[in-house]
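Close look at the chain arrangement
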Amino acid sequence: MNSDHLAKEAARLKGDEIFNKALDDIRTEALTVLALANADDKTMIVRLQQKVAVIEEIRTTLDRYIM
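My aim in this report is to walk through the structure given alongside it, one point at a time. (Residues numbered from 1 in each chain as written. Predicted model: local features only at pLDDT ≥ 70, side-chain atom pairs only at ≥ 80, totals over all residues. Heavy atoms only, no water.)

1. Some words on the overall build of the protein chain
The test is simple: Secondary structure follows DSSP: runs of H or I at least 4 residues long count as helices, runs of E at least 2 residues long count as strands, and numbering of each begins at the N terminus. Taken over C-alpha atoms, the radius of gyration is set against a globule rule of 2.2 Å times the number of residues to the power 0.38. Relative accessibility under 20% of the residue-type maximum defines a buried residue, over 50% an exposed one, and the middle range a partly exposed one, all with a 1.4 Å probe and only protein chains included. Here a residue-residue contact requires only that any non-hydrogen atoms of the pair lie within 4.5 Å. Surface accessibility in these figures is a Shrake-Rupley result with a 1.4 Å probe; residues are shielded only by whichever protein chains are displayed. His is not counted here, nor are the chain ends, while Lys and Arg score as positive and Asp and Glu score as negative. By convention, the point assigned to a charge is CZ for Arg, NZ for Lys, CD for Glu and CG for Asp.
Counting its regular elements, the protein chain contains three helices and zero strands. In sequence order, the protein chain lays out its α and β elements as α-α-α. Taken against the 2.2 N^0.38 rule, which gives 11 Å for 67 residues, the C-alpha radius of gyration of the protein chain at 15 Å runs more than 25% over that of a compact globule. For the protein chain, the residues scored as buried account for 18% of the 67 residues in total. Contacts in the protein chain between residues at least 24 apart in sequence constitute 61% of all its contacts with a sequence separation of at least 6. Summed over all atoms, the accessible surface of the protein chain reaches about 5200 Å², with 58% contributed by carbon and sulfur. Charge separation in the protein chain, taken as the distance between the mean sites of 10 positive and 12 negative side-chain charges, equals 2 Å.

Written as structure tokens, this is what we have:
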């Protein structure tokens, strides 16, 4: 895949309302559950933190492709 095509597709995704809503909903749900999680359930806490981190990484990667 050439860099121009990659940049255009990344820009399209960044502007896609449904894609962004899905990412926002996933992140919000993970943060909500994380706020209510049992402090002793370290596995669940790490899993939810990873979910939030992946959402942020998707957005960072799209920005990098656009540049």
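On we go.
2. Brief notes about the pattern of salt bridges
To keep things clear, this is the line we draw: Note on definitions: salt bridges are taken to be side-chain nitrogens of Lys or Arg within 4 Å of carboxyl oxygens of Asp or Glu.
Inspection of every chain in the model, using the stated rule, returns five salt bridges. Note that glutamate 9 is salt-bridged to arginine 12, the shortest N-O span being 3.0 Å. Of this pair, glutamate 9 and arginine 12 both sit in helix H1 (residues 3–15), separated by three residues, roughly a single helical turn. Taking relative accessible area as the criterion, arginine 12 reaches 45% and is therefore assigned partly exposed. Across the pair arginine 59 and aspartate 24 runs a salt bridge, and its minimum N-O distance is 2.6 Å. One end of the pair, arginine 59, is in helix H3 (residues 42–66); the other, aspartate 24, is in helix H2 (residues 17–36), and 35 residues separate them in sequence.

3. With respect to H1
Rules: The span one expects for a helix is its residue count, reduced by one, times 1.5 Å. Polar contact is the term for a pair of N or O atoms within 3.5 Å; when the atoms are in protein, one must be able to donate a hydrogen and the other to accept it, and sequence-neighboring residues count only if both atoms are side-chain atoms.
For H1, spanning 13 residues, the distance from its first C-alpha to its last is 18 Å, which sits close to the expected 18 Å at 1.5 Å a residue. Sitting at the amino-terminal end of H1 is asparagine 2, which places a side-chain oxygen 3.1 Å from the backbone nitrogen of aspartate 4.

4. Section: the environment of arginine 59
With 49 residues separating them along the chain, arginine 59 and alanine 10 place their C-alpha atoms 9.3 Å apart. Beyond its immediate sequence surroundings of up to four residues, arginine 59 is in contact with Asn20, Leu23 and Asp24.

5. Things to note about the packing of H1 against H3
Stated precisely, the cut-off is as follows: Think of each axis as a best-fit line through the C-alpha atoms, taken over the contacting stretch in the case of a helix, with angles from 0 to 180 degrees between the N-to-C directions. Relative orientations are named as follows: roughly parallel for angles under 35 degrees, roughly antiparallel for angles over 145 degrees, roughly perpendicular for angles from 65 to 115 degrees, and oblique for any other angle. Two helices cross in a left-handed way if the nearer one is turned anticlockwise from the farther one by less than a right angle. They cross in a right-handed way if the turn is clockwise. Any residue outside Ala, Val, Leu, Ile, Met, Phe, Trp, Tyr, Cys, Pro, Asp, Glu, Lys and Arg is labelled polar, Gly included; the first ten of those are nonpolar and the last four are charged.
Interhelical geometry of H1 versus H3 gives an angle of 140° and a closest axis separation of 8 Å. Our classification of the angle between H1 and H3 gives oblique. When the axes of H1 and H3 are compared, the crossing they make is left-handed. Residues Leu6, Ala7, Ala10, Ala11, Leu13 and Lys14 of H1 form the contact with H3, whose participating residues are Leu62, Asp63, Tyr65 and Ile66. Residue classes in the contact of H1 with H3 are distributed as eight nonpolar, no polar and two charged.

6. Here's the deal with H3
When the terminal C-alpha atoms of H3 are compared, their 36 Å separation across 25 residues agrees well with the 36 Å that a helix rising 1.5 Å per residue should span. Check the buried side of H3 and you find it contacts H1 and H2.

7. A word on the environment of leucine 34
You can see leucine 34 is positioned in helix H2. When near neighbours in sequence (up to four residues on either side) are disregarded, leucine 34 contacts Ile45, Leu48 and Gln49.

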